[in-house]
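One letter stands for each residue in the lines below.
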Amino acid sequence: MQQWFEVDRNGLAKLLERKGREFLLYELVQNAWDQDSTRVDVTLTKEPGSRLATIRVEDDDPDGFKTLPQAWTLFAESRKKADAEKRGRFNLGEKLVLALCQEAEIVSTTEAVRFDASGRTPLRRRRERGTVFEGKLRLTNEEFAACCAAVHRLLPPAGITTTFNGRLLPPRTPCAEFEASLRTEIADAEGNLRPATRKASVRVFPVVGDEVATLYEMGIPVVPTGDTYHVDVQQKVPLSLDRDNVPPAYLRTLRTAVLNVMHDRLPAEQATAVWVREALGTRDVSSAAVRTVVANRFGPKSVVYDPSDREANKLAVVAGYTVVHGSQLSAEEWANVRTAGALLPAGQVTPSPKPFTPGGPPLQTLPREAWSDAEQALVALYQRLAPHLIGQPIEVKLALAPDAFWAACYGPAGPLYLNRPKLGRRFFKGGASEEALDLLIHELGHHYAGDHLSDDYYRALTKLGARLALAVARDPRLLSCSTGDGE
Ligand SMILES: Nc1ncnc2c1ncn2[C@@H]1O[C@H](COP(=O)(O)OP(=O)(O)OP(=O)(O)O)[C@@H](O)[C@H]1O
Ligand SMILES: [Mg+2]
């Protein structure tokens with residue numbers, strides 16, 4: 001029977017040109033670690049002046065290769081497909097390495113084979129235990145250096161002593177380890193790889209030197225993320241056939257799980273890192289993580305801009321708060337910030353003075369008959385001056401609110417309230433005093449603006465000052481305020 005496919009090895013090698021050469025080492029180490037090995041020795045050497053480098057990976061798995069044709073049969077069923085805790089699944093890696101080799105030998109316990117210009121030849125040699133892969137391939141000096149550096153990025157599993165060119169690759173200690181339910185890929189009964197969700201251990205490692213933070217699959221680097229930590233998932237991660245990418249949703253879930261564990265150890269300046277922002281907008285981010293990140297990002301004293309109380313925003317700034325605006329977080333981040341109570345509106349933290357709280361007790365006022373002569377005289381003065389200042393008459397009421405913080409209040413729609421217990425008798429007795437005129441200008445300023453710290457309010461005050469001066473210059477009797485003068 002004619003096979004459907006033939007493989008053009010040179011064509012395959014050309015396709016592999018776009019991959020960094022370190023993948024060769026990673027594929028061979030991945031296979032060695034996937035066996036019951038306790039020791040894996042990797043060497044990569046290149047004679048000066050030679051264009052060929054020698055790559056050798058030896059393991060001590062008691063069994064070695066089950067059947068050697070697996071080494072050259074593309075896409076055959078991989079035994080490892082059904083095991084989430086083995087790295088192999090495509091039954092492809094070893095073949096990609098061979099495609100790039102000029103010559104190679106695999107010597108294992110039951111079989112051995114040589115690949116060279118004359119084809120594939122069985123060898124008589126056997127090993128007691130384990131397998132050696134040795135291949136010669138062209139590597140430029142840069143590629144050779146890159147491969148040597150890449151070996152040091154491996155995170156050797158605890159139970160497997162791994163050496164490179166005779167030196168131990170020191171095992172690294174994770175800064176955190178936790179369990180997470182993550183997508184993985186396991187073969188079903190028919191051998192088809194299917195997505196599944198499975199609990200696995202996740203190890204978080206600090207990034208050392210000039211390393212780029214990377215997502216690892218059981219110690220093998222797969223996707224450089226540029227995040228704050230290396231993250232090593234102890235089960236199959238959903239990898240592309242090229243073994244160099246994962247779906248964005250997978251990375252998002254993993255980043256969220258890492259943030260939930262690491263947020264209180266994360267350096268404050270990392271609060272704006274892309275991965276942290278991505279995690280901050282997910283449904284699964286914890287409220288504790290949101291609060292820490294927000295505090296680190298905007299400072300411990302921060303409030304949300306409050307459009308319903310503009311003055312409160314300014315009071316917040318004066319009080320040393322950072323006012324966070326809508327555009328500084330995404331809609332998803334805001335939703336989480338609200339749920340976590342990580343930021344309160346300025347109106348709740350530094351509210352502007354409001355005389356009447358909605359739903360509060362009704363304001364008690366004093367009937368006109370109960371006003372003293374001095375009070376009547378001052379009210380008359382205010383009512384006389386108001387049309388000169390704001391162009392319309394005002395109503396004035398005396399309030400009895402001893403517990404309120406305000407002495408007077410006025411808004412364009414309402415009467416001017418004078419809070420008798422707060423102003424005190426002396427205030428009323430003083431007639432057209434500086435204090436009394438100051439209060440009138442302050443309150444009538446609110447005819448134009450509510451916010452004490454706004455530009456509009458400040459302009460209103462200077463305008464009212466000018467108008468008062470001109471009005472009094474025209475008619476000095478406007479300021480007369482003697483009790484019993486009627487108006
Ligand atoms: N060092 C080794 N010792 C024993 N068996 C090995 C070794 N290296 C490879 N094999 C066997 O050869 C098979 C093919 O390896 P290959 O790397 O091509 O595919 P894989 O590891 O199954 O999947 P992937 O393409 O995802 O790496 C493996 O499934 C494994 O059974
Ligand atoms: Mg493999």
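Residues numbered from 1 in each chain as written. Chains lettered and ligands numbered in written order. Predicted model: local features only at pLDDT ≥ 70, side-chain atom pairs only at ≥ 80, totals over all residues.

Draft legend 1. Inspection of the site of ligand 1 at higher detail. Among the 24 residues in the neighbourhood of ligand 1, the closest are listed as Asn31, Ser78, Gly88, Gly93 and Glu94. Put simply, the parts of the chain that give the shell around ligand 1 at least two residues each are helix 2 (22–34) and helix 3 (93–100). Looking at the shell around ligand 1 element by element, the count peaks at four residues for helix 2. When its residues are assigned to classes, the shell around ligand 1 shows five nonpolar, ten polar and nine charged. (Near = placed C-beta within 6 Å. Helix = DSSP H or I, 4+ residues; strand = E, 2+ residues; numbered from the N terminus. Nonpolar A, V, L, I, M, F, W, Y, C, P; charged D, E, K, R; others polar.)

Draft legend 2. Spatial organisation of helix 13 (residues 434–445). With twelve residues, helix 13 extends 16 Å from end C-alpha to end C-alpha; this agrees with the ideal 16 Å at 1.5 Å per step. When helix 13 is considered as a whole, its buried residues turn out to be Ala436, Leu439, Leu440, Glu443, Leu444 and Gly445. The elements touched by buried residues of helix 13 are helix 11 (373–390), strand 18 (408–409), strand 19 (416–419), helix 12 (420–429) and helix 14 (455–474). (Expected span 1.5 Å × (residues − 1). Buried ≥ 20, exposed ≤ 12 C-beta atoms within 10 Å, placed from the backbone. Contact = placed C-beta atoms within 7 Å.)

Draft legend 3. Looking closely at the sheet that holds strand 17 (residues 396–399). Strand order in the open sheet made by the three strands is 17-19-18, with mixed pairing throughout. Both outer strands of the open sheet, strand 17 and strand 18, are each paired with one neighbouring strand and no more. As paired strands, strand 17 and strand 19 are joined by four bridges and run parallel to one another. Note that in strand 19 the partner of Val396 across the bridge is Leu416. (Pairing = 2+ DSSP bridges.)

Draft legend 4. The arrangement of the packing of helix 2 against helix 3 in detail. Taken N-terminus to C-terminus, the directions of helix 2 and helix 3 make an angle of 140 degrees; their axes are 9 Å apart at the nearest point. Accordingly, the angle class assigned to the pair helix 2 and helix 3 is oblique. Crossing handedness for the pair helix 2 and helix 3: left-handed. Each of Leu24, Glu27, Leu28, Gln30 and Asn31 in helix 2 lies in contact with helix 3, whose residues at this interface are Gly93, Glu94, Leu96, Val97 and Leu100. When grouped by side-chain class, the residues that make up the contact of helix 2 with helix 3 number five nonpolar, three polar and two charged. (Axes fitted to C-alpha atoms, helices over the stretch in contact; angles between N-to-C directions. Parallel < 35°, antiparallel > 145°, perpendicular 65-115°, else oblique. Left-handed = near helix turned anticlockwise from the far one by under 90°.)

Draft legend 5. Focus on the nonpolar core. Judged by nonpolar contacts, the single largest core of 77 residues is most densely connected at Leu25, Leu28, Val29, Val231, Val258 and Val290. Sort the elements by how many residues they give to this core and helix 2 lands first, with eight residues. With residues near it in sequence (within four places) discarded, Leu25 still touches Val42, Leu44, Ile55, Cys147, Ala150 and Val151. Among the nonpolar cores identified, the runner-up in size contains 27 residues, and Leu381, Ala386, Ala399 and Leu416 belong to it. (Core = buried A, V, L, I, M, F, W, Y, C linked by C-beta atoms within 7 Å.)

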